[in-house]
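Listed here are the chains, written in short residue letters.
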Amino acid sequence: CKLGNYYIQMGQADSAQNIFEQANKLVPNMPEALVGLGRVFMDLKFRPKKALGYFENAEEADSISADIQGLLGRAYLDAGQTDRAERAAIRALKIDPKYAPAYLLRAQIYQKQNNTEAALGYFEKYLEFEPEDHTPVVGFLMGFLKEKDFVHVQKIASRMKGIAAYPLLAQVRQHWGDHEGAFAYFDAYIKTLPEKEQAFFYDISLVGTSQEVTAYQTVTPENKEVFLNSFWLKKDPFKTSGGTMRRAEHYRRVWYSRTFYGKKKWPWDRRGDVYIRYGEPDYQSNWREMNAKVPLKVQRVQEQMAFQLYGRRGLDVNYVGPVFPIRTERDDPKQNRPLDDPGFVEVGLLSWKPITVGSEWAAVPWEVWVYADVENGLEVAFTDEFHTGNYGYAPVPNLTLEEIRQIADYDRGSPLTFVQRMTSFSPASRVASVASKMPERYDISGLEPLNFYYDPLAFRGRNGKTQLQIDFGLPVDAVFLSGDPSDTTVLVERRIALMNERSVEVARHKKDVAVPFTSAIRGKNLLARDRVHLELAAGSYELAVQMWRLNTDILGVYRQAVDLYDFTGDGLMLSDLQVAQMIHEIDEKSDPKFARGKWMIVTSPSRTFYSGDPVFVYFEIYNLNRNAFGATRYEVSFTIGAKEATTLTQAKIRKKDGESVAVQYEQTGTDTWIADYVELNVGPVRPGRYVLHMTVKDHISGQTASREGVFRVVGR
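Every chain begins its residue count from 1, and numbering advances along the sequence as written. A pLDDT threshold of at least 70 governs which residues receive local features in this predicted model, and a stricter bar of 80 or more applies before side-chain atom pairs are shown or counted, although totals over entire chains, interfaces and linings include all residues. Hydrogens and water are ignored here; the side-chain numbers use all heavy atoms of the structure.

Enquirer: For the overall build of the protein chain, give the residues involved together with the corresponding values.
Expert: Within the protein chain, the secondary structure is distributed over 22 helices and 26 strands. To get the radius of gyration, use the C-alpha atoms; to get the globule rule, take the number of residues to the power 0.38 and multiply by 2.2 Å. The C-alpha atoms of the protein chain give 34 Å as radius of gyration, which overshoots the globular expectation for 716 residues (27 Å, by more than 25%). Residue burial is assigned from relative accessible area. The probe radius is 1.4 Å, only protein chains are included, and a residue is buried under 20% of its type maximum, exposed over 50%, and partly exposed in between. Going through the 716 residues of the protein chain one by one, you find that 50% of them count as buried. A sequence separation of at least 24 residues applies to 64% of the contacts in the protein chain between residues at least 6 apart. The helix count covers DSSP runs of H or I at least four residues long, the strand count covers runs of E at least two residues long, and both are numbered beginning at the N terminus. Only heavy atoms matter for contacts: two residues are in contact if any of them lie within 4.5 Å across the pair.

Next comes the structure, spelled out in structure tokens:
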């Protein structure tokens, strides 16, 4: 029996079964041998109903063993007999009130019954006796993670001792939008692992292009972290977290693969490869629990693949498992019917078939994953060909002579064409083909868009830097939900990030903004305004801005290229033009956040104005020259023209003279740095986009400088 248990630990099902059967012959009804046989069929051969017989016989031989009652309860639960499973767990606890597996069993029973509170209570009790055994707890909490019930995940994970709770707490942080915190938890966890296992988390071979993987392999050890920072920043869809958003998700996938797909193969089987690349599939089904709830987008993928594999008859059945054919039992009488029988609608071969409603003929354990949005739909079928728990890609069918004749007589094309078709659609071929073009996927389709406005503008900064001013406008109505109280305040997380041309982050800013809301302002189309200043070196950047209503799926992100001018030269220069709703001198009521120089600016981040409203324009002029008497003299001119959104060509608009708006004036003074504004009355123009062009001419030096700004006019 000790030898048999050793074989079980090694995953050698047949050897374990043989040795326990020998023990049972030597000593009939020996509890240890019966328990061993039950474990072989329950844990290694995945046949809980077969295991039940051995455990029940073991119970007859030893009715006061808590271990036997616990195993009997597990088998009942796997066989779907929850009432019997609970009675076995209760008997185990009567025998030994400190028998931890019985508490775990009761927790799992209540979890299946959707009695969350009772399940949590028994899990907490289990942790009192087995605080270091995290595997079943992780499996239990994964259900809550999939349901986005992070309150219970936090509650249980915080009770776990040691570093094993960190990946769970990291996923709570991911849900909270604290990507940096999630990364910190994962990073702390990974650093406690052996160096060989750490390498799996840092490896990018499953998510990078061939060029990226080759580049990483040639990077010196001291520069690997710099490379990875840039790599994950490129993969991050939002780029507002410095790449930690995508990198934390990669760590989660590697941890998940090690935890759930690495039990029988180091570091994981083929399911881990696909999971790390593409994450959670849109649809899953397996031989134990076939999933009949097939989303419409997944049905379309199945139908397309079925038609390509089996022709029109492949569209006449419903699939609850792989569309790709897998190994089946050959002794099923249905399979002896010829395919040209009018009443026969099954598809596939005699010994290789897809899994359809009412036709579960699989001879091997299987799983199927479908990604609806990966290259117009990707089905990946996995099979455990040797019943060891190690899942590989479903193999290409091996044809018998009978099947070759069947294909030649009835199916499309020749047997060779059929095999070629099966090979090209096999999971291994499909994954390899798709991965060469799309090595990884990070799905953000579950998010609801949050629309907001922002206006990035460049001005001269301090110490030779350029100041990037970003004005924000968040529509108040957009951030509140229908179920919110009439008078409340919500928190919106705002993120800003800038990356240089080498995809290296140069600035990051994060702030939680409180947005008050009352019934009096509902539906008034009001904006919550804010402003951020960043001092940066001149150059070309990618700007990413993000707003997220905390603890919801409502999030908005915008990205654009920005050029920050170098204002350190001696020649005449002009800042960006800020188009505003109102500008006036600062007074005691002014918010200093929105002041520049002596002017208070009522921002217009959307750059949208009603027809007939004035347009205010703020600007700064740098490096004016003085004459011999210390005076400056310069000329400012404005023109406004229509800007067609499709062609971006300039056209004239009508105002008084029927041609164009023209404003021009001269100014004298002594300052070489001017901060000023103008008010432009453009009149009742047609709705559309307009270009504002400003030119400054220094009459002392003869130099000129120009800038353009765009705004939009809408009807009332």
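Enquirer: Describe a nonpolar patch on the surface, with residues and values.
Expert: Together, L3, Y6 and M10 line one region of the surface with nonpolar side chains, adding up to about 310 Å² of accessible area. Along the chain, Y6 falls in helix α1 (residues 2–10). In this analysis, a patch consists of residues with relative accessible area above 30% that form no salt bridge, clustered at 9 Å for like charges and at 5 Å for the nonpolar side chains Val, Leu, Ile, Met, Phe, Trp and Tyr. Only the protein chains shown count as covering a residue, and every accessible area follows the Shrake-Rupley method with a 1.4 Å probe. By convention in these notes, a salt bridge is any Lys or Arg side-chain nitrogen within 4 Å of a carboxyl oxygen on Asp or Glu.

Enquirer: Account for the sheet that holds strand β9 (residues 466–475), naming residues and giving values.
Expert: Strands are labelled as partners when DSSP assigns at least two bridges between them. Spatially, 3 strands are ordered β8-β9-β12 in an open sheet, and the strand pairing comes out antiparallel. Both outer strands of the open sheet, β8 (453–460) and β12 (527–536), are each paired with one neighbouring strand and no more. Ignoring which end each strand starts from, the neighbouring axes of this sheet average 15° apart. When β8 meets β9, the two strands line up antiparallel, connected through 8 bridges. Following the sheet pairing, Y454 is matched in β9 by F472. Lines are fitted to the C-alpha atoms to define the axes, a helix being fitted only along its stretch in contact, and any angle between axes, read from their N-to-C directions, falls within 0 to 180 degrees.

Enquirer: Summarise the packing of aromatic side chains; cite the residues concerned and give the values.
Expert: Between rings of Phe, Tyr and Trp, where Trp is taken as its six-membered ring, a pair exists when centres lie within 6.5 Å; planes separated by under 30 degrees are stacked, by over 60 edge-to-face, and by other angles tilted. Summed over the entire model, instances satisfying the criterion amount to 40 aromatic pairs. Consider the rings of Y110 and Y122, whose centres lie 5.7 Å apart with planes at 5°: the pair is stacked. Here Y110 is found in helix α7 (residues 100–112), whereas its partner Y122 is found in helix α8 (residues 116–129), with 12 residues between them in sequence. Relative accessible area serves as the criterion here: at 15%, Y110 is assigned to the buried category. What links up through ring pairs into an aromatic cluster is the set W255, Y256, F260, Y261, Y275, W369, F382 and Y393. We note R460 situated over the ring of W673; from NZ or CZ to the ring centre the distance is 5.2 Å. Should the NZ of a Lys or the CZ of an Arg lie within 6 Å of a ring centre and within 35 degrees of the ring normal, that charge is described as sitting over the ring.

Enquirer: Can you break down the side chain of Q198 residue by residue, with the values?
Expert: Inspection of the secondary structure puts Q198 in helix α13 (residues 195–202). Under this definition, polar contacts are N or O atom pairs within 3.5 Å; protein pairs additionally need one hydrogen-donor-capable and one acceptor-capable atom, and for neighbouring residues in sequence, both atoms have to be side-chain atoms. In terms of polar contacts, Q198 uses its side chain to reach the backbone carbonyl oxygen of L193, at 2.8 Å. Look past the residues within four positions of Q198 in its chain and what remains in contact with it is I190, K191 and L193.

Enquirer: Talk me through the environment of G709; I want residue IDs and the actual numbers.
Expert: With respect to the helices and strands, the residue G709 is situated in strand β26 (residues 704–714). Residues G709 and K50 lie 659 residues apart in sequence; the distance between their C-alpha atoms is 77 Å. Dropping the residues within four chain positions of it, G709 is found in contact with L577, R607, Y690, V691 and L692.

Enquirer: Go over the sheet that holds strand β1 (residues 283–286), please, and point to the residues and values.
Expert: In space, the 4 strands of this open sheet follow the order β1-β4-β5-β6, with antiparallel pairing throughout. Whereas interior strands pair on both sides, the edge strands pair on one side only; in this sheet they are β1 and β6 (392–393). In this structure, strand β4 (residues 366–371) lies alongside strand β5 (residues 378–383), joined through 6 bridges in antiparallel fashion. Note that in β5 the partner of V368 across the bridge is A381.

Enquirer: How would you explain helix α9 (residues 135–146) if you had to name every residue and give the values?
Expert: Between its first and last C-alpha atoms α9 spans 17 Å; for 12 residues at 1.5 Å apiece the expected length is 16 Å, and the two agree. Among the residues of α9, those classed as buried are P136, V137, V138, F140, L141, M142, F144 and L145. Residues of α9 that are buried in the fold lie against α7, α8, α10 (150–157), α11 (166–176) and α16 (244–260). K148 occupies a position one or two residues after α9 and carries a positive phi of about 60°. In a helix, the anticipated span is given by 1.5 Å times the number of residues less one.

Enquirer: Can you explain unusual backbone geometry? Please cite residues and give values.
Expert: P267 follows W266 through a cis peptide bond whose omega is -10°. Structurally, P267 is set in the loop between α16 and α17 (270–278). Although it is not a glycine, H387 adopts a positive phi angle of roughly 55°. Tracing the sequence through the fold places H387 in the loop between β5 and β6. Judged by its relative accessible area of 31%, H387 falls in the partly exposed class. The backbone of S503 sits at a positive phi, close to 60°, despite the residue not being glycine. As for its position among the elements, S503 is in the loop between β10 (488–499) and β11 (505–517). The partly exposed category is assigned to S503, whose relative accessible area is 21%.

Enquirer: With reference to specific residues and values, describe the pairing of strand β18 (residues 599–603).
Expert: A regular strand carries its side chains on alternate faces of the sheet. Within β18, 4 of the 5 residues are buried, which leaves the element mostly enclosed by the surrounding structure. Bridge count for strand β16 (residues 578–585) against β18 is 5 bridges, and the pairing is antiparallel. Opposite A580, over in β18, you have T603 as the bridge partner. Here strand β17 (residues 595–596) pairs with β18 via 2 bridges, running antiparallel. Looking across to β18, one finds that A595 is bridged to M600. Where β17 hands over to β18, the hairpin turn is made up of 2 residues, of which G597 adopts a positive phi near 60°.

Enquirer: Outline the confidence of the model for the protein chain, supporting the account with residue identities and numerical values.
Expert: Values of pLDDT, which run from 0 to 100, indicate the predictor's confidence residue by residue. Of all residues in the protein chain, 94% attain a pLDDT of 70 or more, and the chain-wide mean is 89. For residues 331–345, every residue scores under 50 in pLDDT, and the model assigns this stretch 25 contacts once sequence neighbours within four places are set aside. Taken together, the stretch residues 644–659 has pLDDT below 50 and engages in 27 contacts with residues farther than four places along the chain or on a different chain.

Enquirer: Help me get a handle on the nonpolar core, residues and values and all.
Expert: One finds L168 and V274 to be the most contacted residues of the largest nonpolar core, which totals 71 residues. Counting residues per element, this core draws most heavily on α9, at 7 residues. Beyond its immediate chain neighbours, meaning those up to four positions away, V274 contacts G279, W369, Y371, V380, F382, Y393 and V431. Core analysis: the second largest hydrophobic core is formed by 39 residues, Y454, L468, I496 and W599 among them. In this text, buried Ala, Val, Leu, Ile, Met, Phe, Trp, Tyr and Cys residues form a nonpolar core when linked through side-chain atoms within 4.5 Å.

Enquirer: Just give me the short version of the environment of Q174, but keep the residues and values in it.
Expert: With respect to the helices and strands, Q174 occurs in helix α11. Once the C-alpha coordinates of Q174 and E249 are considered, the two residues, 75 residues apart in sequence, prove to be 8.2 Å apart. Beyond its immediate sequence surroundings of up to four residues, Q174 is in contact with H179, A182, F186, A248, E249 and R252.

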